[in-house]
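The residues making up each chain are set out below.
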Amino acid sequence: FSDDYYFLATGSLFESKYKAGDGKWRNTMFNNGYVINVLGGKEFNLGSRDKNRKLIVSLKANYGGGYWYTPVDLEASRERGHTVPDESRYLSLQTDDVVRMDLKIGIRRERAKSTHLIELDIQNVTNNQTQGGVFYNPQTDDMDKWTSVGIIPNINYRIQF
């Protein structure tokens, strides 16, 4: 934190597996392999410095490997009229990489015995629709992809004392 600016970058390399009942190691859904996070922001004084009010603006970007999912048994799904996972291939396919950006704008007021913060936190501000997996669609008699939630706005109010 310097001159009302802040910046943070992190990265992780990992493997997330479990040992199944048959003794084989398998992927968990979250075996993404890597995640990179970059966060930056700035604080602006509102009025004189004596009032201890600041406008805070920050942007966070995340980039990571895709999630693992189980393919669908298309023939069994057609017979039953709903999605039937191919359990013999449990969590064997991986989605594309995940990219997400969040924007946060807030006002912080520091008082003698407490700090108040109200902020608008817009998650996935770019509305990037990351694939989560596949499902059988009986209307089209074919496979469709489902995606993550789009933009998620949150309003937060925090008191620290």
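Refer to the preceding data block for the structure.
Rules used throughout
Residues numbered from 1 in each chain as written. Predicted model: local features only at pLDDT ≥ 70, side-chain atom pairs only at ≥ 80, totals over all residues. Heavy atoms only, no water. Helix = DSSP H or I, 4+ residues; strand = E, 2+ residues; numbered from the N terminus. Buried < 20%, exposed > 50% of the residue type's maximum accessible area, 1.4 Å probe, protein only. Lys, Arg positive; Asp, Glu negative; His and termini not counted. Salt bridge = Lys/Arg side-chain N within 4 Å of Asp/Glu carboxyl O. Polar contact = N/O pair within 3.5 Å; in protein donor to acceptor, adjacent residues only side chain to side chain. Contact = heavy atoms within 4.5 Å. Pairing = 2+ DSSP bridges. Axes fitted to C-alpha atoms, helices over the stretch in contact; angles between N-to-C directions.

Undergrad: Explain the side chain of Asp121 to me, please; I cannot follow it from the model alone.
TA: Along the chain, Asp121 turns up in strand S9 (residues 115-123). Within the buried set, Asp121 has no salt-bridge partner at all; the shortest N-O distance to an opposite charge, 4.3 Å, is to Lys104. A distance of 3.5 Å separates a polar atom in the side chain of Asp121 from a polar atom in the side chain of Gln123. When sequence neighbours within four positions are dropped, the list of residues in contact with Asp121 reads Leu103, Lys104, Ile152, Pro153, Asn154 and Asn156.

Undergrad: Can you help me understand the sheet that holds strand S5 (residues 53-64) in this one?
TA: What holds strands together in a sheet is hydrogen bonding between their backbones, with the strands either parallel or antiparallel. Pairing in this open sheet of six strands is antiparallel, and the strands run S1-S4-S5-S8-S9-S12 from one edge to the other. Each end of this open sheet is capped by a strand with a single partner; those strands are strand S1 (5-13) and strand S12 (152-160). Each strand of the sheet is rotated relative to its neighbour by a mean of 15°, with strand direction disregarded. As paired elements, S9 and S12 share nine bridges and run antiparallel to each other. Directly across from His116, in S12, lies its bridge partner Ile159.

Undergrad: Would you explain the pattern of salt bridges in this entry?
TA: Any two side chains of opposite charge can pair, on the condition that their charged atoms come close. In this structure the tally under the stated criterion is eleven salt bridges. Asp141 is the partner of Arg78 in a salt bridge, and the nearest nitrogen-oxygen pair spans 3.0 Å. Placement of the pair is Arg78 in helix H1 (residues 74-80) and Asp141 in the loop between strand S10 (131-137) and strand S11 (142-147), with a sequence separation of 63 residues. Members of the salt-bridge network, linked through shared partners, are Glu43, Arg108 and Glu110.

Undergrad: Help me out: how do you make sense of unusual backbone geometry in this one?
TA: Excluding glycine, most residues fall at negative phi; most peptide bonds, likewise, are trans. Positive phi outside glycine occurs at Asp3, with the angle close to 50°. Secondary-structure assignment places Asp3 in the segment before S1. Using a relative accessible area of 65% as the deciding quantity, one classes Asp3 as exposed. One non-glycine residue with positive phi stands out, namely Asp141, at about 55°. Classification of Asp141 by relative accessible area gives partly exposed; the value is 35%.

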